Structure formats: structure tokens, C-alpha cells
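Read off the chains here:
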Amino acid sequence: MVLHTTPFPSSFLSFLNSLSWALIFPCFWLGDRLLASFLPTTYEKRQRTDDPCYFQALCIIITTPIYLALLVSSLPFAFIGFLVWSPLQAVRRPYIYSRLQDKARASGARLLTEWRSTSSSKSFCFGSANVCLLPDSLARFTNLFNSQARAKEIGRRIRNGASRPQIKIYIDSPTNTSISAASFSSLVSPQGTDVTHRAVNMGMKRTTSMEYKVENSGENSAEEGRDGKNEAAARKKKHTDDILDHEISAFFPANLDFLCLQEVFDKRAAEKLKEQLHYYFEYILYDVGVYSCHGCCGFKCLNSGLMFASRYPILDATYHCYPNGRGIDALASKGALFIKVQVGTTPQDQRIVGYISCTHLHALAGKLVVFLEWMSEFRKSTSSSSAANPEELVAFDVICGDLNFDNCSSGRSSELKLHTT
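Criteria and thresholds
- Counting restarts for each chain, with residues numbered from 1 along the sequence as it is written.
- The model is predicted, so local features are restricted to residues of pLDDT at least 70 and side-chain atom pairs to those at 80 or more, both for listing and for counting; the totals for chains, interfaces and linings are taken over all residues.
- Side-chain calculation: all heavy atoms of the structure are included, whereas hydrogens and water are not.
- The numbering of helices and of strands both runs from the N terminus, where a helix is a DSSP run of H or I of at least 4 residues and a strand a run of E of at least 2.
- A 1.4 Å probe rolled over the protein chains alone gives each residue an accessible area, and that area as a share of the maximum for its type sets the label: buried under 20%, exposed over 50%, partly exposed in between.
- Should any heavy atoms of two residues lie within 4.5 Å, those residues are considered in contact.
- The Shrake-Rupley method, run with a 1.4 Å probe, gives the accessible areas here. Residue values count only the displayed protein chains as cover.
- The pairing criterion for strands is at least two bridges between them, as found by DSSP.
- Axis angles are defined between N-to-C directions and span 0 to 180 degrees, where every axis is a line fitted to C-alpha atoms and, for a helix, only to the segment in contact.
- Lining residues are those with an atom within 4 Å of a point, where the points come from a 1 Å grid over the protein atoms alone and group into cavities, where a 1.4 Å probe fits but cannot get out, or pockets, open sets with protein on both sides within 12 Å along at least five of seven lines.
- Grid points are joined across faces, edges and corners, and a volume is the space filled by probe spheres set on the points.
- When residues are sorted by character, Ala, Val, Leu, Ile, Met, Phe, Trp, Tyr, Cys and Pro go into the nonpolar class, Asp, Glu, Lys and Arg into the charged class, and all the rest, Gly among them, into the polar class.
- Geometry of aromatic contacts follows a simple scheme: Phe, Tyr and Trp rings, the Trp one being its six-membered ring, pair when their centres are within 6.5 Å, and the pair is stacked under 30 degrees between planes, edge-to-face over 60, tilted otherwise.
- The nonpolar core is taken to be a set of buried Ala, Val, Leu, Ile, Met, Phe, Trp, Tyr and Cys residues, with the residues joined through side-chain atoms within 4.5 Å.

Enquirer: Got a minute to help me understand the overall build of the chain in this structure?
Expert: Within the chain, the secondary structure is distributed over 11 helices and nine strands. Going through the 421 residues of the chain one by one, you find that 40% of them count as buried. Restricting the contact set of the chain to residue pairs at least 6 apart, pairs at least 24 apart contribute 72%. On the chain, roughly 23200 Å² of surface is accessible, and the fraction owed to carbon and sulfur atoms is 59%.

Next comes the structure, spelled out in C-alpha cells:
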């Protein structure tokens, strides 16, 4: 399947879309700024309290009449632009595929050869985050502002964190009984000590500092160590369903291979975020979704908010929009993005592929059953098993995204069972 590098099939339609949006944008921007001026965030309220010279109220009094006058004058142009823009969305493609053109920074081809040069096993790192990049006025309802600057900063932090060298961290703290998630992939046992048997294995076994002190302290410390062991055993019994250790980390995962983002609604913010991510990820899918009244039930003024970035080549992608959105979710074309990537090649020239499903389920209507059906259909439609094209080997099939699950709604029992098994 050919991936879509432009939102429209012809340059003429792209020109019409750009022209219509140029007529709409002044009205959109003025309305956004007008509403944002009446929605201060906690940070701005604190500034107003701490700084006696903070004249926010005076600024609102001066700028509101100006914004209103310019908004009214831009309405006729916005109406004309909307009449052109809305029908064009019927032929708009559901996503834009961007590939890094700088060959000096491209690494996708090199990554495909790593599978042959290494052992038969290989690990991959997946990341998922809800970044809430909405138009500024809407972002303020979630106590956020300046989406354009946040998009650039989010992209910078992700690429800096993902490209940083892995650091080996050894913990011996009386207040911390787990190992930082930022160093899982690089932890080895200390050399030249008598505790080498405590190396962290792939099962993420916890090694507490109390256990360490039992072997190096007197009777009092040994007694404290036994208490620590009892407490650890009680916690382990209480959380029998926990498989992996977990902890909040201030750093984004190092050596990230795939990134699934949600709520990247603002187009300008998405462009800034894409530019930053391209410093690390070679392949990106963005502006995913549909607009106007085409492809979904009801009018959509925002896309799905999904964005996908990969260090490995993308072979195929498709998008589906969830029907019957409720509440404010109905204004966005929330849906599911299904991606097929190539992660390696066997010595017999068989492609090793992976499937990734990125979604943002409706908060009031999970749609998980529909999502699983779409995922199965995509897997069948993109699989290869002909004699001319040898059967591909599937390395993984992963679901990422904002699933909007809870553990208290009785109507979610069937979906929660699917989610946790």
C-alpha cells in the first residue's frame, strides 16, 4: 500500500484547501484569543497575586473590543472559506506520512540489519502519552496554555530523553525499594562486590536496601531487615497481579523505538512537534483523522489527535473513525490508527514485521469491541503468505493509547475483562 505523503491527491486540491484555510484562520485565531483571555490558568492567577504590576484586567479591557471588531470583520471571509473547505474534506486522506529526508540522520535501513547481526532475540521500546495540544482557549479548560510553545518543548524533551545514553544506576536507599524505570534496560550487577547474585533479571525482581543491610550489619540491622522482608512479602501478596515493577520517572525512556501520542489536535502544534521528533524518529504519521461531515457521524472540527513516530520503516497504515461520539468528544474524529512496521529480515530474506494499534477511546463510549474488530481486519488485509512473497514473521502486536478505562462503572465489566487478560 502506498503511504499518503500529502493530504490531497492533487496539488490543485491542496492549493484550494490552503486558500480556504487562509480565509478561515483569522476568524479562528481571533475567536481563540478572545476566549483565552477570559480563561486564566493557575500559573497566571499566581502571577496576578504575586506581581502588583500585573495588569491583566486592564489588558482584557483594552483588547476585548479590538478582538471583537476584528472578529466580526473576518466573519464574511471565514464563511466563504468554509464553503470551499468543507466539500474538500470528502477527498482528504486520513493521515499524512512524513519521512526524514536527511540521509545523514536516517537510521531505518541500518536498524533492519541489526536483527541479523545480533542474536535471535531483540527488544523494542514503546511509548504512549496524552499531550493535550489543543487550541489555546480549549487547552485552558485543562489548566494549560501556549500550545505552540508546549509542542516544541514536548518534542525536544522526548527526543533528548530517547536519544540519551543509558545510565547504570544502583540503588541503596532506606526509602526506596524499587529500581528506577529509566534504567531497567541497562542495569547489571555491580562488579567486585559480594552481592553479585542480586543482579536484576528480566523479571524485574525487587532488591530492597533492607535485604542488603542484613548481610552487612549487626543484630539491630538484621532485625530491621527481617521487618523489611515481612513488609515486602505483605506488599507482594497484596499485589499478586503486578508483573513488572513500576515507578514514576522524570525522563522519557531511552532508546525509544515507537511513540504513540494522543490529543495532538492543533495543526500548527503538530507541525512543531513533528519537526522536533524528526531529530530522532525517521518515520512519522500525523494529522490523523477526518474533518467536516465526511467519514464520520456528525460534524468534526478537530482531527483524531493521534500521532505515531517510528525509527523503523512503516509498511502500511489505515485509520478508522469511531461512530456515535458523545458530548464534547463528538467534535473530534477520535478513532484508531493501525500501523504495520518492518523491524528486521531473516537470513532467508523473510520480513520480520510488527503491528501497532494507536487509539483514543471515547470517554463515554469505549468502543473497544469495534476497535478489536478493526485490528483483526487490518492484520488479515496486510498479511502476506503467497509463494512469491514468503510469509512474514510477526514479532509483536501491541496496543497503545488512551483507553479511558475505569474500575468502577458496572457497564464496563466486559471491556475491563478484555483489557486485563
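Back to the write-up after that little detour.
Enquirer: So what exactly am I meant to see when it comes to the sheet that holds strand E8 (residues 351-360) here?
Expert: Strand pairing within a sheet occurs via backbone hydrogen bonds; the two strands may be parallel or antiparallel. Spatially, four strands are ordered E6-E7-E8-E9 in an open sheet, and the strand pairing comes out mixed. Edge positions in the open sheet fall to strand E6 (314-321) and strand E9 (393-402), since each of these has one partner strand only. The sheet shows a mean angle of 15° between the axes of neighbouring strands, direction not considered. Where E6 lies against strand E7 (residues 335-345), seven bridges are found, and the strand directions are antiparallel. Bridge pairing links Cys 321 to Gly 335 in E7. Lying on the sheet, helix H10 (residues 368-382) is in contact with E6, E7, E8 and E9; it crosses E7 at an angle near 35°.

Enquirer: Where do I start with the sheet that holds strand E5 (residues 307-310) in this structure?
Expert: Taken in spatial order, the five strands line up as E1-E4-E5-E3-E2 in an open sheet, and their pairing is mixed. At either end of the open sheet lies a strand with only one pairing partner, and these are strand E1 (96-99) and strand E2 (126-133). Taking the axes of each pair of neighbouring strands and ignoring which way they run, one obtains an average angle of 15° across the sheet. Contacting E2 and strand E3 (258-264), helix H6 (residues 147-163) crosses the sheet at an angle of about 165° to E2.

Enquirer: What am I meant to see in the layout of surface pockets here?
Expert: One way to see where empty space is left: roll a probe the size of a water molecule over the atoms. Here the largest pocket is characterised by a volume of approximately 1300 Å³. Forming the walls of the largest pocket are 49 residues, and the residues nearest its centre are Phe 28, Pro 135, Phe 265, Cys 301 and Leu 302. Among the secondary structure elements, those contributing two or more residues to the lining of the largest pocket are helix H1 (11-36), helix H3 (56-88), helix H5 (136-139) and helix H9 (267-277). Looking at the lining of the largest pocket, the element that brings in the most residues is H1, giving 10 residues. A breakdown of the residues in the lining of the largest pocket according to their chemical character gives 28 nonpolar, 10 polar and 11 charged.

Enquirer: Honestly, the packing of aromatic side chains in this entry has me stumped. Any pointers?
Expert: Aromatic rings in a pair are described by how distant their centres are and how their planes are angled relative to each other. A complete count under the given rule lists 21 aromatic pairs for this structure. Summarising the aromatic geometry, the rings of Trp 21 and Phe 28 are spaced 5.9 Å apart at their centres and angled 45° between planes, so their arrangement reads as tilted. When the centroid spacing of 5.1 Å and the interplanar angle of 85° are considered together, the rings of Phe 126 and Phe 396 count as edge-to-face. Residue Phe 126 is found in strand E2, and its partner Phe 396 is found in strand E9; the two are separated by 270 residues along the sequence.

Enquirer: I'm lost on the nonpolar core in this one. Help?
Expert: In summary, soluble globular proteins display a tendency toward joint burial of nonpolar side chains. Within the largest apolar cluster, 26 residues are counted, with the highest numbers of intra-cluster contacts made by Phe 258, Leu 285, Phe 308, Ile 314, Leu 337, Val 341 and Val 343. Broken down by secondary-structure element, the contributors of at least two residues to this core are E3, strand E4 (283-286), E6, E7, E8 and E9. Apart from the residues lying within four places of it in its own chain, the contact partners of Ile 314 are Leu 3, Tyr 97, Tyr 283, Leu 285, Phe 308, Ile 339, Lys 340 and Val 341. Of all hydrophobic cores here, the second largest spans 22 residues; its members include Ile 96, Ala 151, Leu 261 and Leu 277.

Enquirer: I keep staring at unusual backbone geometry and nothing clicks. Help me out?
Expert: Across residues other than glycine, the phi torsion is negative in most instances, and most of the peptide bonds are trans. Notably, Asn 143 is not glycine yet its phi reads approximately 65°, a positive angle. Overall, Asn 143 belongs to the partly exposed group, its relative accessible area being 38%. A positive phi is found at Glu 263, a non-glycine position, where the angle reads about 60°. Mapping Glu 263 onto the fold places it in strand E3. A residue is classified by how much of its surface remains accessible, and Glu 263, at 16% relative accessible area, is buried.

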